[in-house]
Amino acid sequence: MTSYTPDELFTSTAPYYARYRPGYDPAFYDMLAARFALDGTQRVLDLGTGTGVLALPLARLVGYVTAIDPEPGMLEEGRKLAADRGITNIDWRQGDSDTLPTMGLEPVLLTVMGAAFHWMDRAQTLRDLDQLIEANGAVVLASGGAPGDIEPATWLQVITDVRTHYLGPERRAGSGTYSHPKERHQDVLARSPFSNVETARWDRTVTRTLDEVIGLQFSYSYSSPAQLGDHKDAFERDLRQALTDFSPAGTFDEVVRTEAIIATRP
């Protein structure tokens, strides 16, 4: 496995992540509320919370959210967003899947994870969660779906071309490169204590401005300000020009998927 540290990957992305990531479809939270009878009393763990993309909306549905992330910069952005929104029932804690068994956490009904599960030792994490999640609880994985599930917007190739010019053809992760796991999350879950697996999906069209498209690129670990270093300004200039040439109107539509994998015990 490629060596990386969370600060290499994510410190410089945190403010962009909080501002430009589209978040998950509201119907996803409605589904969780109905499926698990969320009534403001439950405890939820958001593992790999980032800036609280899942934790912040869930905090309005449950009694308490423990939001864990290895990167202090991400947690700080999450705290700011919570304060801005008057949300006080989230405990922001530094840690990761490896520290989970030693953090003294109380039992939870749900453990939710966004785009973080693929970084973990998935099988071990699920064994550890089996000790933490209540009998009628679940693991819920939220994502944009697997690569290739949705026909990509044509303007995304413009970004790929510019990024490749600056950073090479592989998606970089810290000082190495990142490859999506070959085994699907559903298959890993099927061998775990949470082997009853179902999947739900919602698609919506998001329209972004030129500035929003550019800001979004800096939210990704593989095109973060830290990754680009001294080339950040040149990258932004070239990307802005290439996207303007592609779409002089300055608006960019993309179909964005929310995929939820819900895994319960048999």
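Residues numbered from 1 in each chain as written. Predicted model: local features only at pLDDT ≥ 70, side-chain atom pairs only at ≥ 80, totals over all residues. Heavy atoms only, no water.

**Quick word on the overall build of the chain**
Inference 1: When you go through the chain residue by residue, the secondary structure sums to eleven helices and nine strands.
Inference 2: Projecting the C-alpha coordinates of the chain onto the three principal axes gives extents of approximately 55 × 35 × 35 Å.
Inference 3: A burial count over the chain gives 49% of its 266 residues as buried.
Inference 4: The contacts of the chain with a sequence gap of at least 6 include a subset with a gap of at least 24, amounting to 81%. (Helix = DSSP H or I, 4+ residues; strand = E, 2+ residues; numbered from the N terminus. Buried < 20%, exposed > 50% of the residue type's maximum accessible area, 1.4 Å probe, protein only. Contact = heavy atoms within 4.5 Å.)

**Looking at the pairing of strand β3 (residues 90-94)**
Within a regular strand, the side chains alternate between the two sheet faces.
Inference 1: Note: strand β2 (residues 64-69) against β3, five bridges, orientation parallel. From the neighbouring strand, D69 faces β3, where its bridge partner is Q94.
Inference 2: Once the chain exits β2 it traverses helix α5 (residues 72-84) before rejoining the sheet at β3, and the crossover so formed is right-handed. (Pairing = 2+ DSSP bridges. Right-handed = clockwise from strand over helix to strand, strands pointing away.)

**Some thoughts on the packing of aromatic side chains**
Inference 1: For the structure shown, the criterion picks out nine aromatic pairs.
Inference 2: Seen in terms of ring centroids, Y16 and Y20 are 6.4 Å apart; in terms of plane orientation they differ by 20°. Their pairing is stacked. Remark: Y20 and Y16 occur in helix α2 (residues 14-20); sequence separation between them is four residues, near one turn of the helix.
Inference 3: In this structure an aromatic cluster arises from ring pairing among Y16, Y20, Y166, F218 and F235.
Inference 4: Here the guanidinium or amino end of K232 rests over the ring plane of F218, the centre of that ring lying 4.4 Å away. (Phe/Tyr/Trp six-rings, centres within 6.5 Å; stacked < 30°, edge-to-face > 60°. Lys NZ or Arg CZ within 6 Å of the ring centre and 35° of its normal.)

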